[in-house]
Amino acid sequence: MGHQQAQHGKDDTEELLAAHRQLWCHALGYVKSMALKCALDLRIPDTIDRCGGSATLGELLAASEIPASNHDYLRRVMRTLTAMRIFAASHDPAKADDAAAISYQLTPASRLLVSSSSSVDDAAGASKENTTTPSILPNIAHLVRPNTISLLFSMGEWMKDESAASVSLYETVHRQGMWACVEDDAANRASFYESMDADTRLVMQAVVRRCPHVFDGVKSLVDVGGGRGTAAAAVVAAFPHIQRCTVMDLPHVVAEAPAGTAGLSFHGGDMFEHIPSADALMLKWILHDWDEDKCIKIMERCKEAIGGKEAGGKVIIIDTVLGSRADDDDDDKTCRETYVLDLHILSFVNGAEREEQEWRRIFLAAGFRDYKITHTRGIPSIIEVFP
C-alpha cells in the first residue's frame with residue numbers, strides 16, 4: 001500500500017511538473033518570436049547563404065557587426081533558434097574556440113528567410129538554393145513588428161466591450177480600422193502588399209505544383225480580391241490554356257497594379273455587389289477576413305458569376321481549414337498550432353479561420369451543393385466549391 005501511494009504521489013508530481021513546463025513554454029512563446037525577429041534584424045539567413053550555406057559563429061559576428069565580447073549572446077540566440085529548427089548547427093571538436101568550432105546551416109524554414117537578392121548579389125560560392133525557393137522574409141518580418149504584437153495586449157478588455165462585433169481590436173487600439181490604416185499610410189501600404197506578395201509567391205508555387213488538376217478545363221478565371229495580381233500571374237504562367245484571367249479588387253487597389261502584366265486584365269469593383277463571370281473564381285486569403293454573414297454574401301455573388309450546375313463552373317478557395325487531418329506527428333503539431341491564426345485574424349479585422357463544418361455551413365447557406373478539400377502540409381488548403 002505504501003509503495004502504491006508513493007508511486008501515485010510520484011506520478012502526480014511528474015504531471016504537475018509537466019503542466020508547469022507547459023505553462024512556462026506557452027507564457028514565454030513570445031520569446032521565440034523575438035528570437036526570430038533578432039535573426040532577421042541581424043540578417044543571419046542572408047549571411048549563412050552568402051557563406052555557401054554554412055557559417056561559423058565568428059562569421060555571423062563579423063557580418064552582424066556584433067563585438068567579439070558579445071559572442072556568447074549570439075550563440076545563445078542561435079542555440080534557441082536551432083532548437084526551434086529554424087537553423088541547424090554542427091560542432092568541430094578539433095577547434096577550441098566557439099567562434100570557429102560552431103557552424104550554422106540553413107534549414108527548409110530559414111531558406112524561406114533568405115532575401116530575394118541575397119544569392120544574386122553575392123560572389124561565386126554563395127548558395128544557389130534560394131533561386132528556386134521563394135523568400136517570405138517580408139511576410140515574416142511583418143508578423144513580428146511591434147505594432148502587430150502590442151495589439152494583443154488589449155484583447156481581454158476588447159472582448160468585454162459590447163461593440164466588439166462591429167469594432168475590431170485593431171480599430172479599438174488604433175482608432176482606425178486596419179484597411180484604412182493601410183490605405184492612409186504609404187509606408188504601411190507598401191509593407192502590407194510586399195508581405196502579401198511574398199506569401200502569395202510561395203503559396204501559389206505550392207498550389208500549381210500540388211494541385212494542377214484544380215485548373216483543368218478552366219478557360220476563364222477571376223481572381224477575386226487579387227490585389228496586384230501576384231497569384232493570378234502564377235496561375236496563367238503555369239496554365240497557358242487559361243485564355244482569360246481577370247484580377248478583381250477595389251478600384252484604388254487595381255489602380256496601383258503593375259503595368260503590362262502578361263495575360264492579365266484588371267477590374268475595379270466591389271465583390272459584395274458584383275463579380276465578373278468566368279468558368280472559375282479564385283479567392284486566396286479572402287474569406288478569412290470576413291464574418292460568416294459577409295462570407296455568405298460573397299459566395300452568393302460567386303455563385304451568380306459562375307452560373308448553375310449545368311455551366312460546370314466552380315469557386316477555388318485557398319484558405320485555412322482548422323483541424324485538418326494530419327499524416328504524422330509533425331503535421332499534427334502544425335495542425336494544432338494553426339489555431340493561433342484564428343486569433344491573429346480576429347484581432348486585425350474581426351475575421352475568422354474556420355473548421356470544415358463552418359466552411360460547409362457557409363457554402364450551403366450561399367446555395368452551393370458540394371465541395372472538395374485538398375489538404376496540404378502547410379497552412380492553406382484548397383477548397384473547390386460547386387454550384
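Here the structure is a predicted model, which means the values were calculated and not measured.

1. Side note on the domain arrangement of the chain
The domains assigned to the chain are domain 1 (6-112) and domain 2 (136-386). For domain 1 and domain 2, the distance between their C-alpha centres works out to 33 Å. Taken together, the contacts link 7 residues of domain 1 with 9 residues of domain 2. Taking both sides of the interface into account, the surface hidden between domain 1 and domain 2 amounts to around 660 Å²; carbon and sulfur atoms contribute 75%.

2. Re the pattern of salt bridges
One pass over the full model with this rule turns up 14 salt bridges. Put simply, lysine 314 and glutamate 384 hold a salt bridge, and the shortest N to O gap is 2.7 Å. Taken together, the residues span a long stretch of sequence, with lysine 314 in strand S8 (residues 314-319) and glutamate 384 in strand S12 (residues 381-386) at a distance of 70 residues. Each member of the pair lysine 314 and glutamate 384 is classed as buried.

3. A short note on the side chain of arginine 189
Relative to the helices and strands, arginine 189 resides in helix H14 (residues 186-210). What makes arginine 189 buried here is its relative accessible area of 17%. Those residues in contact with arginine 189 that lie beyond four places of it in its chain are Val182, Glu183, Asp184 and Glu256.

4. Observations regarding a nonpolar patch on the surface
On the surface, Trp24, Leu28, Tyr30, Val31 and Met34 cluster together into a nonpolar patch covering about 500 Å² of accessible area. The greatest single-element share of the nonpolar patch, amounting to 3 residues, is contributed by helix H2 (residues 29-41). Relative to the assigned elements, tryptophan 24 resides in helix H1 (residues 2-27). Judged by its relative accessible area of 53%, tryptophan 24 is exposed.

5. Some details on empty space enclosed by the protein
Under the counting rule described, the total for this entry stands at 2 cavities of 30 Å³ or more. By volume, the largest cavity amounts to about 40 Å³. Surrounding the largest cavity, Glu183, Arg189, Tyr193, Arg228, His252, Val253 and Glu256 form its lining. Elements that contribute at least two residues to the lining of the largest cavity include exactly H14 and helix H16 (251-254). Among the residues making up the lining of the largest cavity, the classes are represented as 2 nonpolar, 1 polar and 4 charged. The volume enclosed by the second largest cavity comes to roughly 30 Å³. Around the second largest cavity sit Leu40, Arg43, Pro45, Asp46, Leu113 and Leu137, which together line it. Across the lining of the second largest cavity, the residue classes tally to 4 nonpolar, no polar and 2 charged.

6. Focus: the UniProt feature "domain: O-methyltransferase dimerisation" (unreviewed entry) in the chain
Mapped onto this numbering, the UniProt entry annotates "domain: O-methyltransferase dimerisation" (unreviewed entry) at residues 24-116. Secondary structure content for residues 24-116 is 57% helix and 14% strand, while the C-alpha to C-alpha distance between its ends is 36 Å.

7. Structural notes on the sheet that holds strand S1 (residues 54-56)
With respect to topology, 3 strands assemble into an open sheet ordered S1-S3-S2, the strand pairing being antiparallel. Only two strands of the sheet have a single neighbouring strand rather than two, namely S1 and strand S2 (87-91). Geometrically, the sheet is characterised by an average inter-axis angle of 30° between neighbouring strands, direction not taken into account.

8. Considerations on H14
Between its first and last C-alpha atoms H14 spans 36 Å; for 25 residues at 1.5 Å apiece the expected length is 36 Å, and the two agree. The backbone nitrogen of alanine 187 lies 3.0 Å from a side-chain oxygen of the residue at the head of H14, namely aspartate 185.

Analysis parameters
- Residues numbered from 1 in each chain as written.
- Predicted model: local features only at pLDDT ≥ 70, side-chain atom pairs only at ≥ 80, totals over all residues.
- Heavy atoms only, no water.
- Domains from an automatic or database assignment.
- Contact = heavy atoms within 4.5 Å.
- Buried area = accessible area lost by both parts, 1.4 Å probe.
- Salt bridge = Lys/Arg side-chain N within 4 Å of Asp/Glu carboxyl O.
- Helix = DSSP H or I, 4+ residues; strand = E, 2+ residues; numbered from the N terminus.
- Buried < 20%, exposed > 50% of the residue type's maximum accessible area, 1.4 Å probe, protein only.
- Patch = residues over 30% accessible without salt bridge, like charges linked within 9 Å, V, L, I, M, F, W, Y side chains within 5 Å.
- Areas by Shrake-Rupley, 256 points an atom, 1.4 Å probe, with all protein chains shown as cover.
- 1 Å grid on protein atoms, 1.4 Å probe; cavity = no way out; pocket = protein on both sides within 12 Å on 5 of 7 lines; lining within 4 Å.
- Points joined across faces, edges and corners; volume = space filled by probe spheres on them.
- Nonpolar A, V, L, I, M, F, W, Y, C, P; charged D, E, K, R; others polar.
- UniProt positions renumbered as here; feature names shortened; annotations may be inferred.
- Pairing = 2+ DSSP bridges.
- Axes fitted to C-alpha atoms, helices over the stretch in contact; angles between N-to-C directions.
- Expected span 1.5 Å × (residues − 1).
- Polar contact = N/O pair within 3.5 Å; in protein donor to acceptor, adjacent residues only side chain to side chain.

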